[in-house]
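Summary of structural features
Chain by chain, the residues run as shown.
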Amino acid sequence: MKKIACFALLALAFTNCKQNNSEKELESAKTPVDTVAAAKKEIKEENPEEGDCKDIEVEMGSGRECIIKDTDINQVYQNIIKNKEVDESEFYLTTLPTEKKSIEVNKEGLISIDYEIAKDKVAITMNYEGGVTEVTIEKINNTVKKSIYHYAD
């Protein structure tokens with residue numbers, strides 16, 4: 001008899017829970033959902049200054065490449081510094097050098113920064129105690145391709 005009573009109580013409790021859940025489902029079905037706003041929250045919004053970007057997997061590291069329209073190499077370089085897109089970018093030169101240059105830093109694990117300058121391309125190599133970060137800014141027609149790669153030793 002006790003088993004039957006316990007079973008009956010559990011059944012009543014279960015049906016009550018089910019009934020409450022179905023009432024909540026009906027309420028949520030009656031409430032309109034702004035699907036456009038919900039979709040925008042799920043999608044990571046790109047910074048318009050970044051342009052069209054994609055993440056790249058490389059051996060022993062990772063990277064990100066962006067195609068930015070209607071800009072130049074100097075502006076992209078300044079945005080990297082301003083937006084701190086690279087760790088220790090505060091050690092970058094305030095303006096791009098016009099020829100190959102190497103800067104000794106020896107702070108916060110950063111040993112040196114090397115600048116390779118070509119006509120429409122700049123390659124910046126940041127040498128760390130535990131790896132390398134390479135930043136490449138390349139002018140292609142009316143766009144600029146910005147690539148940032150992080151490699152472990």
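Everything numeric here is computed off the predicted structure, so don't read it as measured data. (Residues numbered from 1 in each chain as written. Predicted model: local features only at pLDDT ≥ 70, side-chain atom pairs only at ≥ 80, totals over all residues. Heavy atoms only, no water.)

A word on the packing of aromatic side chains
Defined as follows: In summary, the pairing rule links any two rings of Phe, Tyr or Trp, Trp by its six-membered ring, whose centres are within 6.5 Å, and it sorts them by plane angle into stacked for under 30 degrees, edge-to-face for over 60 and tilted for everything else. Here a strand is any run of E in DSSP of at least two residues, a helix any run of H or I of at least four, and the numbering for each starts at the N terminus. Burial classes follow relative accessibility: with a 1.4 Å probe on protein chains only, a residue under 20% of its type's maximum area counts as buried, one over 50% as exposed, and anything between as partly exposed.
Applying the stated criterion to the full structure yields four aromatic pairs. Between Tyr77 and Tyr115, the aromatic rings sit 6.4 Å apart at their centres with planes inclined by 65 degrees, giving edge-to-face as the arrangement. In this pair, Tyr77 sits in helix α3 (residues 73-82) while Tyr115 sits in strand β4 (residues 110-117), placing the two residues 38 residues apart along the sequence. The two residues Tyr77 and Tyr115 agree in class, both being buried. Among the aromatic residues, ring-to-ring pairing joins Tyr77, Tyr92 and Tyr115 into one connected group.

Overview of the state of the cysteines
Every disulfide links exactly two cysteines, by a covalent bond between their sulfur atoms. The criterion, for reference: When two cysteine sulfur atoms lie within 2.5 Å, the pair is treated as a disulfide.
Counted according to the given criterion, the structure contains one disulfide. Each sulfur of the disulfide joining Cys53 and Cys66 lies 2.1 Å from the other. Here Cys53 and Cys66 share a disulfide; its torsion about the S-S bond, 110 degrees, makes the bridge right-handed. Separated by 13 residues along the polypeptide, Cys53 in strand β1 (residues 52-58) and Cys66 in strand β2 (residues 61-69) bring together distant segments of the chain. Take Cys53: its relative accessible area is 14%, and that puts it in the buried class.

Some words on the nonpolar core
We count it as follows: To form a nonpolar core, buried Ala, Val, Leu, Ile, Met, Phe, Trp, Tyr and Cys residues must be joined to one another through side-chain atoms within 4.5 Å.
Grouped together as the largest cluster of nonpolar side chains are 23 residues, with contacts concentrated most on Tyr92, Ile113, Tyr115, Ile124, Met126, Val135 and Ile137. If you list the elements that add at least two residues to this core, you get β2, α3, β3 (101-107), β4, β5 (121-128), β6 (131-140) and β7 (143-152).

Any functional reading would require information beyond the geometric quantities listed.
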